[in-house]
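# Per-entry structural report
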Amino acid sequence: MNAKKRKSSEEELDAINNLPEDVLCHILSFLSTKDAALTSVLSKRWRDLFTLIPSLDFDDSTFMPCVSPEECPRTTFREFVNRVLALQSNSPITKFSLICHNGVDQDLAETWILKALRRGATDLTLVVLFPSRIYSLPSSIFFYSHNLIKLKLGCGRLGIIHHSLFWGDIIFTNLRTLHLDSIDLGQRDRSFARLLSKCPMLEELIVNCINMAPASGKFYSNKPLAVDSDFGTASPSNVSFDTPNLLYLNYSDFVSENYPLVKLDSLVEARLDVGSNTIQMHARDSEEYEVRWDATNLIMGIQNVQTLHLTSDTIEVIEDFCKTVPVFHNLNHLSIESDDERGWQALPLLLINCPNLQTLVFHGLHHRVTDGCGDACDCISSPSPPSSSCLSSCPVKILKILDFGATCGEMSLVEHFLKKLPRLEQVIIVLHCDSFIEEDCGPSEVSEALEMAPRASPNCKLNVVNH
């Protein structure tokens, strides 16, 4: 029996070994570069096969499984990257990802990046985590900017990237995707606007927590600087999106004082996670402070979207920092993330201003109880004036509820939706596997309980499933 299994394994290995070289390289491209390199011990044919992979992924955290980044010896990682790049010689590279923590020499990291760009990399990911100094990439690296199609820059919570990265006459001619994650741009808001202006063909933009340095010049110094303790907690002053060709926007940050220019004429899908920091919430709740933040232009600027995802923080920002809400004529899919500390006051107006909405998705139903939800929920039973009857006039056909815990409050709210939404054709409820669900209250029990609820739409079908 063991002999048969061994023979079968050998035959399978021979079948893989007989595959064409380009097919094997394609298979290896789904592995990390470190894991792909381990295949070099399989046989003579596999020895240098991983060096032909056009996609390189270097992450020094994989070399420090048991220690924190600052305590890890860097020699192994440096030698590995140098060896892989040397073995590849001048082989073309399409995708290059470099994630470095404290301790990697800055000049060496820049050498690796330049090699990748010179060899044709079009997809570049740089995440540099240097907690005790500014990491400033020289503009010369971006002489190859015209080749880039996808660019991700990030520093995590430990470090910052200096704004000089964006100096010079650089145009990202072919850049389609830009991902900025927790980086410092310097010069307040001008660097962000300038960067976007260098990306005329941008179609996908992901922005998460941009830190705007004061204009005083504190970041112009060449001396090592520690990261400010308030990094990622301050709100920007002015944020503009002059990106007429953009198709997808994922924007996560504190609400800005203003959004002077929001040009998103081609936008198809957007995800907004715009929240309030401590100062903004205090100003909102106090009569002694002037509320100087205004998100109106941001919300007005996305009115052409077809798919919109809003977090619970964004729902509150719309209520607290928007003077008006546009009519979303093209919107057919709206997704709402709920939180038991955030209210739904802005939800009635949103639903009323979506005349062609087809699909409504809730990520959880828990929210802060207020008297401003109208008939969007049944938290406070009180007669709603016609102007606030957002559900009875809502054209939604598909209602999907995720992370459903089957609590009494959630069950009651679903019954409320069934009773109020007149055009419902399908309700999909996905039970939350980690939440507490009462005994004998699985999909069939939830479905049976809700089947008895009155419905405004006689054609509505109910589907309850496990996560």
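For clarity, every value in this text was computed on a predicted model and none was experimentally measured.

## Side note on the overall build of the protein
- Scanning the protein from terminus to terminus reveals 12 helices and 18 strands.
- Residue burial in the protein is summarised as follows: out of 467 residues, 47% are buried.
- Within the protein, contacts between residues separated by at least 24 positions form 73% of all contacts whose residues are at least 6 apart in sequence.
- For the protein, the computed accessible surface area is about 22700 Å², with 51% contributed by carbon and sulfur atoms.

## Quick look at the packing of aromatic side chains
- Scanning all chains against the criterion turns up nine aromatic pairs.
- Both rings, one in F58 and one in F96, keep their centres 5.8 Å apart while their planes meet at 65°; by these two values the pair is edge-to-face. Of the two residues, F58 sits in strand 1 (residues 55–59) while F96 sits in strand 2 (residues 95–100), which places them 38 residues apart along the sequence. Just as F58 is buried, F96 falls in that class too.
- Ring-pair connections join several aromatic residues into one group, and the members of that group are F192, F241, Y251 and Y259.

## Describing the confidence of the model for the protein
- On average, residues of the protein score 78 in pLDDT, and 69% of them reach the 70 mark or higher.
- Element-level pLDDT for the protein is lowest in strand 6 (residues 160–161), with a mean of 49, against a maximum mean of 98 in strand 13 (residues 307–310).
- Throughout residues 213–232 the model reports pLDDT below 50, and contacts reaching past four residues in sequence, or to other chains, amount to 43 contacts.

## Quick notes on the pattern of salt bridges
- The final tally for this structure, using the stated rule, is six salt bridges.
- Across the pair R176 and E203 runs a salt bridge whose closest N-O atoms are separated by 3.8 Å. With R176 in the loop between strand 6 and strand 7 (177–181) and E203 in the loop between helix 6 (190–197) and strand 8 (204–208), this pair connects stretches of sequence that are 27 residues apart.
- Overall, the relative accessible area of 33% leaves E203 in the partly exposed class.
- Measuring nitrogen to oxygen at the nearest pair gives 4.0 Å for the salt bridge that ties E316 to R342. Pair noted here: E316 is in helix 9 (residues 312–321) and R342 is in the loop between strand 14 (333–337) and helix 10 (347–352), with a separation of 26 residues, a long-range link.
- Look at the salt bridges and you will find they share partners, linking D313, E316 and R342 into a network.

## A closer look at the nonpolar core
- Counting 110 residues, the largest nonpolar core has F96 and F241 as its most contacted members.
- Top element by residues in this core is helix 5 (residues 106–118). It accounts for six residues.
- Once residues within four sequence positions are removed from consideration, F241 is found in contact with F192, L196, L205, L249, Y251, Y259, L261, V262, K263, L264 and L298.

## Things to note about the pairing of strand 5 (residues 150–154)
- Here strand 3 (residues 123–128) runs beside strand 5; their pairing, made up of five bridges, is parallel. Note on strand 5: the bridge partner recorded for L124 is L151.
- Bridge count between strand 5 and strand 7: five bridges; the pairing is parallel. Bridge pairing links L153 to L180 in strand 7.

## Here we look at the environment of L421
- Residue placement: L421 occurs in the loop between helix 11 (408–420) and strand 17 (426–431).
- For the pair L421 and K397, spaced 24 residues apart in the sequence, the C-alpha separation amounts to 8.5 Å.
- Leaving out residues up to four positions away in the same chain, L421 has contacts with L391, C394, L399, A456 and S457.

Calculation notes
- Residues numbered from 1 in each chain as written.
- Predicted model: local features only at pLDDT ≥ 70, side-chain atom pairs only at ≥ 80, totals over all residues.
- Heavy atoms only, no water.
- Helix = DSSP H or I, 4+ residues; strand = E, 2+ residues; numbered from the N terminus.
- Buried < 20%, exposed > 50% of the residue type's maximum accessible area, 1.4 Å probe, protein only.
- Contact = heavy atoms within 4.5 Å.
- Areas by Shrake-Rupley, 256 points an atom, 1.4 Å probe, with all protein chains shown as cover.
- Phe/Tyr/Trp six-rings, centres within 6.5 Å; stacked < 30°, edge-to-face > 60°.
- pLDDT = per-residue confidence, 0-100.
- Salt bridge = Lys/Arg side-chain N within 4 Å of Asp/Glu carboxyl O.
- Core = buried A, V, L, I, M, F, W, Y, C linked by side-chain atoms within 4.5 Å.
- Pairing = 2+ DSSP bridges.

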